[in-house]
Amino acid sequence: MIGAFEHLVRPLLHALDPEDAHVLTLKLLKFAPVLPVARDDPRLAVRAFGLNFPNPVGMAAGFDKNAEVPDVLLRLGFGFVEVGTVTPKPQPGNPRPRLFRLPGDEGVINRLGFNSEGAEAVLRRLAARADRGGIVGVNVGANKDSADRIDDYVRQIDMFAPVASYFTCNISSPNTPGLRDLQQGSVFDELTARVVEARERVSVQAGPTPVLIKIAPDLTLNELDDVVAIARRRKVDGMIVGNTTVLRPDWLKDQATAKEAGGLSGRPLFKLATRMLAETYVRAEGAFPLIGTGGIDSGETALAKIRAGACLVQVYSSLVFRGLAMIGEIKSFLASELRRGAHAGLDELVGADAAAMTAEAWPE
Ligand SMILES: Cc1cc2nc3c(=O)[nH]c(=O)nc-3n(C[C@H](O)[C@H](O)[C@H](O)COP(=O)(O)O)c2cc1C
């Protein structure tokens, strides 16, 4: 049913400016009929970070920045939803246009720059749905004009602990100048120390709430060595690999749009992000689980992320080109792979190809 509806609506959405289409999509979702939640194949269940996920396919951050539709997304079949990035104070983000489609490449470029209604508005919405269950993570970021960016992460962990299933510290958006410097050496060490300290503090009242770090696919391998070593030492709960890339492969078909500044996502990101995931997996040595994101657009690409080291995956850009029906397709594919290989669960496949992938030539 979703497929048929989208088939009709997608040409209309693609005729609109990408950001107008996004706003309209959120509106349509708000008024979507309340569908019964279809039960997932029990073999797709994943336990990670102390949480029980009904299936491994999540909605990536950036789609529902202000927590307007997490329950609709859960009912549509996502195993979890990550809202945000939320900033402590409301801020408008960069001037429009700031979102671009690359249809020939099935890619997206965005330079939204953390447009956020701010933590208070998002907290109100999440508090109103708190007893509905489902895994809803809160992705937190820093205000552009913040005097103490690390404090922006810490304060939001304090604020959202009663309503968040987990936290993601987004230190890898390319669209807030200087934000990605939080991934470097001593600054990253301080950030992880302080967010883990906040995690311990809030756990007294709110119970354990895992804290994940979302990294850029553009780190050098030396930088990744440091990031993983520090994350292990500081005992963060997991990592998301990764955010959008500032790179522009020269094989992109939509070369004119590729000149736009911002982060590239979708299909052109798949190879780089999957390689970085495998590189992270071999460095983490099982110390914490990973979420794989970047260019997933099918069951096969989701499985490749799992075999590269992800126990959970997230999607965003491919929904623009393929629609929500893809979520069901990915889940069916994964379930049939498990049956075919007589595997009890996806954990048997996590990281199966990681070492081999890291020996391949670097993806162009
Ligand atoms: C329009 C857009 C907005 C995004 N906003 C955020 C954001 O606010 N916070 C964040 O951590 N990631 C954000 N992302 C990155 C996605 O969460 C994801 O990491 C990235 O797009 C790779 O996945 P994909 O190829 O499936 O889109 C955004 C991506 C897009 C396309």
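For the structure itself, look to the data block above.
Residues numbered from 1 in each chain as written. Predicted model: local features only at pLDDT ≥ 70, side-chain atom pairs only at ≥ 80, totals over all residues. Heavy atoms only, no water.

Draft legend 1. Spatial organisation of the overall build of the protein. Check the secondary structure of the protein and you find 13 helices and 13 strands. Counting all 364 residues of the protein, 57% fall into the buried class. Mean positive and mean negative side-chain charge positions of the protein (42 and 44 charges, respectively) differ by 3 Å. (Helix = DSSP H or I, 4+ residues; strand = E, 2+ residues; numbered from the N terminus. Buried < 20%, exposed > 50% of the residue type's maximum accessible area, 1.4 Å probe, protein only. Lys, Arg positive; Asp, Glu negative; His and termini not counted. Charge placed at Lys NZ, Arg CZ, Asp CG, Glu CD.)

Draft legend 2. Summary view of the site of the ligand. For the ligand, the set of nearby residues contains 25 residues, the closest of which are Ala61, Lys65, Thr85, Gly295 and Ser317. Within the contact set of the ligand, an oxygen atom lies 2.8 Å away from a side-chain nitrogen or oxygen of Lys65. Here Asn170 contributes a side-chain N or O atom positioned 3.0 Å from an oxygen atom of the ligand. Burial of the ligand by the protein amounts to 97% of the accessible area it has alone, namely 600 Å². (Near = heavy atom within 4 Å. Polar contact = N/O pair within 3.5 Å; in protein donor to acceptor, adjacent residues only side chain to side chain. Areas by Shrake-Rupley, 256 points an atom, 1.4 Å probe, with all protein chains shown as cover.)

Draft legend 3. Quick peek at the packing of aromatic side chains. According to the stated counting rule, one finds four aromatic pairs in the structure shown. Centre to centre, the rings of Phe49 and Phe53 are 6.4 Å apart; their planes meet at 75°, and the pair counts as edge-to-face. Phe53 gets classed as buried once you look at its relative accessible area, which sits at 2%. Judged by centre distance (5.7 Å) and plane angle (85°), the ring pair of Phe63 and Tyr316 falls under edge-to-face. (Phe/Tyr/Trp six-rings, centres within 6.5 Å; stacked < 30°, edge-to-face > 60°.)

Draft legend 4. Quick look at the sheet that holds strand β11 (residues 263-266). In spatial order, the strands read β5-β6-β11; together these three strands make up an open sheet with antiparallel pairing. At either end of the open sheet lies a strand with only one pairing partner, and these are β5 (99-102) and β11. Neighbouring strand axes in the sheet, compared pairwise and without regard to direction, differ in orientation by 25° on average. In the sheet, β5 pairs with strand β6 (residues 107-110) via four bridges, with the strands oriented antiparallel. In the sheet register, Arg101 faces β6, and the bridge partner there is Val108. (Pairing = 2+ DSSP bridges. Axes fitted to C-alpha atoms, helices over the stretch in contact; angles between N-to-C directions.)

Draft legend 5. How the structure looks around the packing of helix α7 (residues 221-234) against helix α9 (residues 270-284). Their axes nearest at 10 Å, the elements α7 and α9 cross at an angle of 45°. The orientation of α7 relative to α9 falls into the category oblique. With respect to the hand of their crossing, α7 and α9 are arranged in right-handed fashion. Contacts from Leu221, Leu224, Asp225, Val228 and Arg232 in α7 reach Met276, Glu279, Thr280, Arg283 and Ala284 in α9. (Parallel < 35°, antiparallel > 145°, perpendicular 65-115°, else oblique. Left-handed = near helix turned anticlockwise from the far one by under 90°. Contact = heavy atoms within 4.5 Å.)

Draft legend 6. Highlighting the pattern of salt bridges. Summed over all chains, the structure comprises 31 salt bridges. The partner of Asp152 in a salt bridge is Arg155, with the nearest N and O atoms 3.0 Å apart. Highlighted residues: Asp152 and Arg155, both in helix α5 (residues 149-160), separated by three residues, approximately one helical turn. Using a relative accessible area of 41% as the deciding quantity, one classes Arg155 as partly exposed. One connected set of salt bridges, linked through shared partners, spans Asp17, Glu19, Asp20, Arg96 and Arg98. (Salt bridge = Lys/Arg side-chain N within 4 Å of Asp/Glu carboxyl O.)

Draft legend 7. Geometry of the sheet that holds strand β13 (residues 312-315). The eight strands are arranged β3-β4-β7-β8-β9-β10-β12-β13 in a closed barrel whose pairing can be described as parallel. Neighbouring strand axes in the sheet, compared pairwise and without regard to direction, differ in orientation by 25° on average. As judged from the four bridges shared by strand β9 (residues 211-215) and strand β10 (residues 238-241), these two strands associate in the parallel manner. In the strand pairing of β10, Ile215 is matched with Val241.

Draft legend 8. Geometry of the environment of Gln205. For Gln205, the position within the fold is in helix α6 (residues 185-206). Separated by 43 residues in the primary sequence, Gln205 and Pro162 place their C-alpha atoms 8.1 Å from one another.

Draft legend 9. The side chain of Gln91, seen in detail. Here Gln91 shows up in the loop between β4 (80-86) and β5. Within polar-contact distance, the side chain of Gln91 engages the backbone nitrogen of Lys144 at 3.0 Å. Beyond its immediate sequence surroundings of up to four residues, Gln91 is in contact with Gly113, Phe114, Asn115, Ser116, Asn143 and Lys144.

Draft legend 10. Broad picture of the nonpolar core. Of all hydrophobic cores here, the largest spans 97 residues; its most connected members are Tyr153 and Phe160. Ignoring sequence-local partners within four residues, the contact set of Tyr153 consists of Val140, Gly141, Ala142, Cys169, Asn170, Ile171, Leu179, Leu182, Leu191 and Val195. Formed by six residues, the second largest nonpolar core is a distinct cluster that contains Leu102, Ile109, Leu252 and Ala258. (Core = buried A, V, L, I, M, F, W, Y, C linked by side-chain atoms within 4.5 Å.)

Draft legend 11. Spatial organisation of the side chain of Ser116. Here Ser116 lies in the loop between β6 and α4 (119-128). Exposure remark for Ser116: the relative accessible area of 6% places this residue in the buried category. When near neighbours in sequence (up to four residues on either side) are disregarded, Ser116 contacts Asn66, Thr85, Val86, Thr87, Pro90 and Gln91.

Draft legend 12. View of the pairing of strand β8 (residues 166-170). Counting buried residues along β8, five of its five residues qualify, which places the element largely inside the surrounding structure. Of the two faces of β8, the one carrying Tyr166, Thr168 and Asn170 and the one carrying Phe167 and Cys169 are both buried. Sheet topology note: the strand β7 (residues 136-140)/β8 ladder contains four bridges and is parallel. Within β8, the residue paired with Val138 across the bridge is Phe167. Once you follow β7 into α5 and on to β8, the crossover reads as right-handed. Taken together, the four bridges between β8 and β9 define a ladder with parallel strand orientation. Across the sheet, residue Phe167 finds its bridge partner in β9, namely Val211. (Right-handed = clockwise from strand over helix to strand, strands pointing away.)

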